[in-house]
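So you can see what is in the structure, the chains are spelled out below.
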Amino acid sequence: MAQARDKNAFAYKALAEELQSQITGDVRFDEGSRALYATDASNYRQLPLGVVLPHTVRELETVVDACRSYALPVLARGGGTSLAGQCCNEAVIIDTSKYLNRILQIDPERRRAWVEPGVILDELRDQTQSYGLTFGPDPSTHDHICLGGMIGNNSCGVHSVQTGRTADNLARLDILTYDGLRMRVGPTSEADFERIIAQGGCRGEIYAALRAFRDKYANLIRECFPRNLPRRVSGFNLDELLPERGCNIARALAGTESTCVLITGAELELVPQPPERALLVVGFPSVYEAADAVPALLESHPIGLEGMDDVLVRQMHEKSLHTDKLHLLPKGGGWLLAEFGAEECGAARAKAEAGLQCLRQEATAITGRIVTDPDEQAKLWKVREAGLAATAKTRDSGYAWEGWEDAAVPPAKLGAYLREFRALLDRYGYACSLYGHFGDGCIHVRIDFDLFSREGIARYRRFVQAAADLVLQYDGSLSGEHGDGQSRAELLPKMFGPELVEAFAAFKRIWDPQGKLNPGKVVKPYALDENLRLGPSFAHRRRPPTSPTRKTIVISSMPACVALASAPVAAFTATSCAQAIGRPVTSNTQPEAAPAYCLRCRETTPCCGGGGIRRFSTPWIYA
């Protein structure tokens with residue numbers, strides 16, 4: 001074992017020296033940089049072998065070639081917002097967000113955009129807005145999530161009831177395999193298969209394998225893949241290979257979480273952005289009645305349909321979070337927010353009124369109002385978007401965690417599912433609020449798991465197994481937004497069965513026969529309770545140390561820049577702000593003197609501007 005560690009250490013050092021001489025991008029194999037990238041927004045932590053930020057696609061190719069020469073695994077990473085552990089691994093991490101972040105082309109006539117993987121979603125939306133277009137998927141991390149990561153996770157968002165998942169808005173991909181092959185993939189006809197296979201070479205071999213794979217598994221995919229489930233994010237998109245779906249290989253690769261290929265560019269499909277909006281806000285006696293009303297409200301074709309419970313609102317009051325906006329909610333114990341869009345304000349309002357009338361025919365004990373003022377709408381959306389901030393730490397139960405935070409069921413079954421899910425939580429003694437994308441049947445929760453003790457982790461494992469059984473009873477998906485990564489991949493046989501899980505592995509082997517891309521995630525995964533960044537060994541550090549070594553995070557008002565004021569440790573990461581990572585300084589350093597680590601440019605100088613500094617509390621999580 002010691003000899004293996006020494007050999008690996010030599011390989012890492014040799015690789016770092018080789019890359020520093022071959023590329024102009026950043027090569028970071030120091031302990032601090034590795035610690036910063038050791039975790040994402042999930043419960044997991046794995047120390048990477050090193051971090052590389054290539055300047056160009058050609059440099060990215062050079063990095064992969066060098067890693068392959070040392071037989072080292074590779075993981076591509078963007079914003080690091082993943083909640084299932086897919087963005088941390090014992091691999092060489094390639095961060096595309098600093099340099100590979102150009103918008104290459106916007107074609108408003110064809111409603112298409114070509115982007116590099118490190119482009120932030122809001123930067124693309126800002127540029128397409130003038131054409132009346134947008135990229136449909138819009139997760140809550142839209143101001144710092146990278147499009148490459150959205151493709152890798154198959155992200156969704158508030159407006160997925162209208163636009164679908166990222167895979168549904170993807171035209172073509174430029175990709176790089178671990179073996180060094182660069183190619184473009186997209187819709188593929190039988191004639192395309194014949195032509196490419198006839199050309200031979202590595203590309204021809206991959207297409208021949210894909211066609212044989214599709215023919216072998218087509219009937220099984222048709223029979224066993226979930227139907228009528230808009231938020232099926234778990235598993236690979238093998239159904240996209242079927243001829244009746246256009247055999248779009250790019251869409252089949254979406255959601256593979258860096259386990260099959262590396263994305264070097266993407267052609268995205270844009271959609272019209274309704275200029276006028278009306279927001280229907282409806283209060284119900286409880287969140288369960290709100291969920292029961294979802295199918296009726298969907299008949300009015302909202303472009304977004306969100307829900308939340310009274311627990312979330314109470315937690316916001318406890319934290320003084322947007323309390324000046326909560327009075328905008330109608331009376332109730334559960335709420336739906338339905339957004340309607342049109343070319344004219346009157347038409348959008350008419351749609352909202354029709355939706356409200358439809359609800360009143362189905363349920364009498366409701367209170368509702370229609371909001372057309374953009375400022376007031378923005379305030380109400382702030383209430384909904386505060387879900388994570390309100391639930392990550394609560395007065396009653398302390399810290400709450402991901403781990404079962406985004407299951408989805410068919411919207412028609414949502415109310416019944418939520419009632420049984422709450423009963424399951426009660427049996428295990430867990431507490432949480434219920435909120436999320438009700439129009440797609442996707443529920444977000446942060447549960448007060450005990451991830452510090454052996455007994456608590458064992459109970460967490462039992463709960464997740466039971467929760468998986470429950471969601472599958474309702475024909476649902478283990479993940480409705482955040483992907484499988486490590487926290488749900490172990491459960492995939494429950495959802496798909498052993499044959500389709502083997503098909504996932506076979507699909508990965510076509511692209512990555514050496515198994516070096518993000519190993520242990522999705523395919524042949526680590527157990528869901530391995531690599532936890534807490535665990536029994538962390539228990540002695542559960543309580544924060546006394547002053548003056550108490551750690552705080554200092555967030556600069558400059559865009560996306562953060563700095564940490566910490567005790568003398570190498571580095572640490574905060575789950576309450578998924579991207580709050582930075583370099584440590586001494587505990588008595590004044591905030592004004594703390595160095596900033598910019599999430600946009602990945603530098604430790606305040607290069608994005610200046611301004612005031614604010615503080616917020618953070619869990620005691622060491623990197």
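Residues numbered from 1 in each chain as written. Predicted model: local features only at pLDDT ≥ 70, side-chain atom pairs only at ≥ 80, totals over all residues. Heavy atoms only, no water.

**Looking at helix H17 (residues 454-473)**
Since the α-helix turns once every 3.6 residues, residues separated by three or four places project in the same direction. Definition in use: Going along the chain from the N terminus, every DSSP run of H or I of four or more residues is numbered as a helix, and every run of E of two or more is numbered as a strand. To estimate how far a helix should extend, the number of its residues minus one is multiplied by 1.5 Å. Buried means the residue's accessible area, taken with a 1.4 Å probe over protein chains only, is under 20% of the maximum for its type, while exposed means over 50%, and partly exposed covers the values in between. As used here, the arc is the angular range of directions from the helix axis to the C-beta atoms. Contact criterion: two residues are considered in contact whenever any of their non-hydrogen atoms come within 4.5 Å of each other.
Under the 1.5 Å per step criterion, the end-to-end length of H17 is 29 Å for 20 residues, consistent within 8% with the ideal 28 Å. All of the buried residues along H17 are Gly456, Ile457, Tyr460, Phe463, Val464, Ala467, Ala468, Leu470 and Val471. For H17, the buried positions fall inside an angular range of 160° around the axis, keeping them on one side. Exposed and oriented more than 90 degrees from the buried face of H17 are Arg454, Glu455 and Gln473. Contacts from the buried residues of H17 go to helix H16 (414-428) and helix H18 (492-496). Directly beyond the C-terminal end of H17, a positive phi value near 60° is found at Asp475.

**A look at the side chain of Arg77**
Operational definition: Charged-residue counts in this description rest on Lys and Arg as positive and Asp and Glu as negative, His and the chain ends being excluded. Within this document, salt bridges are pairs made up of a side-chain nitrogen of Lys or Arg and a carboxyl oxygen of Asp or Glu, the two lying within 4 Å of each other. Side-chain atoms alone can form a polar contact between residues adjacent in sequence; in general such a contact is a pair of N or O atoms within 3.5 Å, and within protein one must be able to donate a hydrogen while the other accepts it.
Secondary-structure assignment places Arg77 in strand E3 (residues 74-77). Lacking a salt bridge, the buried Arg77 has Asp40 as its closest oppositely charged neighbour, with an N-O distance of 5.6 Å. A polar atom in the side chain of Arg77 sits 2.9 Å from the backbone oxygen of Cys87. For Arg77, the contacting residues outside a window of four places in its chain are Leu36, Tyr37, Thr39, Asp40, Cys87, Ile93, Ile94, Asp95 and Thr96.

**Re the packing of helix H8 (residues 201-224) against helix H19 (residues 498-511)**
Just so we agree on the cut-off: The convention used is that axes are lines fitted to C-alpha atoms, helices contributing only their stretch in contact, and that angles between N-to-C directions extend from 0 to 180 degrees. Every angle not falling under 35 degrees, over 145, or within 65 to 115 is termed oblique; those three ranges are roughly parallel, roughly antiparallel and roughly perpendicular. Left-handed describes a crossing whose near helix is turned anticlockwise from the far helix by less than a right angle; the clockwise case is right-handed. For this classification, Asp, Glu, Lys and Arg are treated as charged, while Ala, Val, Leu, Ile, Met, Phe, Trp, Tyr, Cys and Pro are nonpolar and the rest, including Gly, are polar.
In contact at an axis separation of 11 Å, H8 and H19 are set at 165° when each is read in the N-to-C sense. Regarding the angle of H8 to H19, the classification is roughly antiparallel. The two elements H8 and H19 meet at a crossing, and its hand is left-handed. Taking contact as the criterion, the partners of Ile206, Ala209, Leu210, Phe213, Tyr217, Leu220, Ile221 and Cys224 in H8 are, on H19, Glu499, Leu500, Glu502, Ala503, Ala506, Phe507, Ile510 and Trp511. Residues that form the contact of H8 with H19 fall into these classes: 14 nonpolar, no polar and 2 charged.

**Points about unusual backbone geometry**
The phi dihedral of Ala71 is positive, around 55°, even though this residue is not glycine. Position of Ala71 relative to the elements: it lies in the loop between helix H3 (57-69) and E3. Judged by its relative accessible area of 40%, Ala71 is partly exposed. Positive phi, close to 60°, is recorded for Asn531, a residue that is not glycine. Positionally, Asn531 belongs in the loop between H19 and strand E20 (552-556). Note on Asn531: relative accessible area 23%, which makes it partly exposed.

**Examining the sheet that holds strand E18 (residues 435-437)**
Threshold: Strands pair, by our definition, only if DSSP identifies at least two bridges between them.
The 6 strands are arranged E15-E12-E14-E13-E18-E19 in an open sheet whose pairing can be described as antiparallel. Lying at the two open borders of the sheet, with one neighbouring strand each, are strand E15 (367-371) and strand E19 (442-444). Looking at each pair of strands side by side, their axes are set apart by 20° on average, direction ignored. Sheet strands touched by helix H12 (residues 310-318): strand E13 (304-309), strand E14 (334-342) and E18. Its angle to E13, the strand with the most contacts, is close to 70°.

**As for the packing of aromatic side chains**
As a reminder, the rule being used: In this scheme Phe, Tyr and Trp rings, the latter by its six-membered ring, pair at centre separations within 6.5 Å, and the angle between planes marks the pair as stacked below 30 degrees, edge-to-face above 60, and tilted otherwise. Here, over-ring charges are defined by two tests on the NZ atom of lysine or the CZ atom of arginine: distance to the ring centre within 6 Å, and angle to the ring normal within 35 degrees.
With the rule as written, the count across this model stands at 19 aromatic pairs. Their ring planes at 50° and their centres at 5.7 Å tell us that Phe213 and Phe507 sit as a pair that is tilted. Of the two residues, Phe213 sits in helix H8 while Phe507 sits in helix H19, which places them 294 residues apart along the sequence. Like Phe213, the residue Phe507 is buried in the burial classification. Seen from their ring centres, Tyr417 and Tyr474 are 5.9 Å apart, and the 70° between their planes marks the pair as edge-to-face. Remark: Tyr474 occurs in the loop between H17 and H18 and Tyr417 occurs in helix H16; sequence separation between them is 57 residues. For the pair shown, Tyr417 and Tyr474 are each scored as buried. Through a chain of ring-to-ring contacts, three or more aromatic side chains come together here, namely Phe213, Tyr217, Phe225, Phe236, Phe496, Phe504, Phe507 and Trp511. Seen from the ring of Tyr44, Lys521 lies directly overhead, with NZ or CZ sitting 6.0 Å from the centre.

**Here we look at the pattern of salt bridges**
This model, assessed by the stated rule, comprises 40 salt bridges. Taking the shortest distance from any N to any O, the salt bridge between Asp65 and Arg68 comes out at 3.0 Å. Highlighted residues: Asp65 and Arg68, both in helix H3, separated by 3 residues, approximately one helical turn. For Arg461, the salt bridge goes to Glu490, with nearest N and O atoms at 2.8 Å. Here Arg461 is found in helix H17, whereas its partner Glu490 is found in the loop between H17 and H18, with 29 residues between them in sequence. Classification of Arg461 as partly exposed rests on a relative accessible area of 22%. A relative accessible area of 25% places Glu490 in the partly exposed class. Each of Asp107, Arg110, Arg112, Arg172, Arg251, Glu267 and Glu269 takes part in salt bridges that share partners, so that together they form one network.

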